[in-house]
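Fold and contact review
Listed here are the chains, written in short residue letters.
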Amino acid sequence: MYNDILAKIEALSSGFSKGQKLIASYILNHFDRAAYMTASKLGEEAGVSESTVVRFANELGLSGYPQLQGEIRESVRKRLTSVQRIALANDRLRGEDIPAAVLSADMENIRYTMENLDREAFDRATAILEAKNIYIIGMRSSACLAEFMNHYLSLVFDNVRLVRSTSGSEIFDRLIGLTPDDVMIALSFPRYSARMINAVDFAVQSGARVIALTDNKLAPIAKNAYATLEARSDMASFVDSLAAPLSVINALIAAVGMKRRDEVTKTLTKRETLWERYHVYDVAPAGNDDASK
């Protein structure tokens, strides 16, 4: 019904009490700052008590203030322009140990994703094992994830097709052959690409099963997906974190590899022979460790 928590707050604001209206007004006008405030600080800025802030979260049907704060952060990621993200990152990271702050945020994203990943959806995602063709598509910042996934799945399957980010019409030219026997793996994180949404809609209309890897089940590409894998990509700076999405991709590739262990072993053995014959990989010289000196 609502696109995000800010839309919900705006829609319900007429029914709020005086104190709740003050909170709603502050959040709607300063959501970029509110996303990183404690309940106490938000109450202070809005001119109400901390307990009023907590009750406000409950009024919205949320479990408490931490959930409200998390949903505001999601809205921030979807709504802010790149320039606004830079300004917000500068405010957040000023005076911080930047490597520690960013790496800690990545670890938190992976931890949250691990604890909340839908295992049934993950099992359904292994439908790629039975697919006639596997289409992988990711645009803008998600394009690197698609490239990574294509590289490793192509070591396992010979029916993988990477749909690179091109003009809108060319994307549909590449997808025109989709059938109900095919699977599309779609990767999309805020800010969501309109072309990606259209490509996924086309795949669904073609009858193909869509495996969506995105930040939440309300994301546009998750609407009609056969399986949705959620990976948190909360930003530590103006750059979205892709650490958790990459970990989920690794897990899916590992799961598929385990189910086709014999075939994967045979395929990789052939490849290793070719790589060695044509010197695809350099071999580091021996004797560079301290013990050999």
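Residues numbered from 1 in each chain as written. Predicted model: local features only at pLDDT ≥ 70, side-chain atom pairs only at ≥ 80, totals over all residues. Heavy atoms only, no water.

Regarding the overall build of the protein
The criterion, for reference: Helix and strand labels come from DSSP, where a helix needs a run of H or I of at least four residues and a strand needs a run of E of at least two; each type is numbered from the N terminus. Using a 1.4 Å probe on the protein chains alone, a residue whose accessible area is under 20% of its type maximum counts as buried, one over 50% counts as exposed, and one in between counts as partly exposed. In what follows, a contact means two residues having at least one pair of non-hydrogen atoms within 4.5 Å. Working definition of accessibility: Shrake-Rupley area with a 1.4 Å probe, residue cover restricted to the visible protein chains.
Of regular secondary structure, the protein possesses 14 helices and five strands. Here the protein holds 293 residues, and the buried ones make up 42% of them. Contacts in the protein between residues at least 24 apart in sequence constitute 70% of all its contacts with a sequence separation of at least 6. Put simply, the protein shows about 16,000 Å² of open surface, and 51% of that area lies on carbon and sulfur atoms.

Description of the sheet that holds strand β2 (residues 160-163)
Here is the rule we go by: Strand pairing follows a simple DSSP-based rule, namely that at least 2 bridges must link the two strands. Each axis is a line fitted through C-alpha atoms, taken for helices only over the stretch in contact, and angles between the N-to-C directions span 0 to 180 degrees.
Here we have five strands laid out as an open sheet, ordered β2-β1-β3-β4-β5, and parallel in their pairing. What marks the edges here is a single partner per strand, and that holds for β2 and β5 (227-230). Between one strand axis and the next, the sheet turns by 15 degrees as a mean value, whatever way the strands run. By the bridge criterion, five bridges tie strand β3 (residues 183-187) to strand β4 (residues 209-214) in an arrangement that is parallel. Considered in β4, the bridge of L187 is made with L213.

Focus: the packing of helix α10 (residues 143-156) against helix α13 (residues 243-259)
Definition in use: Should an angle lie under 35 degrees it is considered roughly parallel, over 145 roughly antiparallel, and from 65 to 115 roughly perpendicular; all remaining angles are considered oblique. The classification used treats Ala, Val, Leu, Ile, Met, Phe, Trp, Tyr, Cys and Pro as nonpolar, Asp, Glu, Lys and Arg as charged, and all other residues, Gly among them, as polar.
Their axes nearest at 11 Å, the elements α10 and α13 cross at an angle of 10 degrees. Relative to α13, the element α10 is oriented roughly parallel. Contact residues: α10 offers L145, F148, M149, Y152, L153 and V156, while α13 offers P245, L246, I249, N250, L252, I253 and V256. Class assignment for the residues of the contact of α10 with α13 results in 12 nonpolar, one polar and no charged.

So, the nonpolar core
To keep it simple, the criterion reads: The nonpolar core is taken to be a set of buried Ala, Val, Leu, Ile, Met, Phe, Trp, Tyr and Cys residues, with the residues joined through side-chain atoms within 4.5 Å.
Counting residues in each nonpolar core, the largest one holds 35 residues, and the members touching the most others are I136, L153, I185 and L229. Sorting the residues of this core by element identifies α9 (119-125), β1 (134-138), α10, β2, β3, β4, β5 and α13 as the ones contributing at least two each. Apart from residues lying up to four places away in sequence, L153 is in contact with I128, I136, V160, I185 and I253. Core analysis: the second largest hydrophobic core is formed by 25 residues, A34, V53, L68 and V76 among them.

As for the packing of aromatic side chains
Note the threshold: Note on aromatic contacts: the rings of Phe and Tyr and the six-membered ring of Trp form a pair at centre separations within 6.5 Å, being stacked when their planes are under 30 degrees apart, edge-to-face when over 60 apart, and tilted otherwise. Look at NZ for Lys and CZ for Arg. If either is within 6 Å of the ring centre and within 35 degrees of the ring normal, a charge sits over the ring.
Tallying each qualifying case throughout the model produces four aromatic pairs. Taking NZ or CZ as reference, R209 lies 5.3 Å from the ring centre of Y226, over its face. The ring centre of Y112 lies 4.3 Å from the NZ or CZ of R232, which sits over that ring.

Observations regarding the side chain of T228
For T228, the location among the structural elements is in strand β5. With sequence-adjacent residues up to four places away left out, T228 is seen in contact with A121, A212, T214, K217 and A222.

Some words on helix α1 (residues 5-12)
Where we set the bar: For this quantity, the arc is that covered by the directions from the helix axis to the C-beta atoms.
Buried within α1 are the following residues: I5, L6 and I9. Within α1, the buried residues cover an arc of 100 degrees as seen down the axis, which keeps them to one side.

Let's talk about the packing of helix α8 (residues 98-116) against α13
For any two helices packed against each other, the geometry comes down to the angle between their axes and how far apart the axes lie. Worth spelling out the cut-off: Left-handed describes a crossing whose near helix is turned anticlockwise from the far helix by less than a right angle; the clockwise case is right-handed.
Two elements in contact, α8 and α13, have axes separated by 8 Å at closest approach and are oriented at 45 degrees. Judged by the inter-axis angle, α8 sits oblique to α13. Regarding α8 and α13, the two cross each other, and that crossing is right-handed. On α13, the residues touching D106, N109, I110 and T113 of α8 are A243, A244, S247 and V248. For the contact of α8 with α13, a count of residues per class yields four nonpolar, three polar and one charged.

A word on the pairing of β2
Pairing geometry for β1 and β2, over four bridges, is parallel. Residue I136 lies in a different strand from β2, and its bridge partner there is L162.

Looking at the pattern of salt bridges
Rule in force here: Salt bridges, as used here, are contacts in which a Lys or Arg side-chain nitrogen is within 4 Å of a carboxyl oxygen on Asp or Glu.
Enumeration according to the criterion identifies seven salt bridges in this entry. Close ionic contact of R111 with E108 constitutes a salt bridge, the shortest N to O distance being 2.5 Å. Note that R111 and E108 are positioned in helix α8 at a spacing of three residues, about one turn of the helix. R111 sits in the partly exposed class, given a relative accessible area of 33%. Looking at E108, the relative accessible area reads 33%, which means it is partly exposed.

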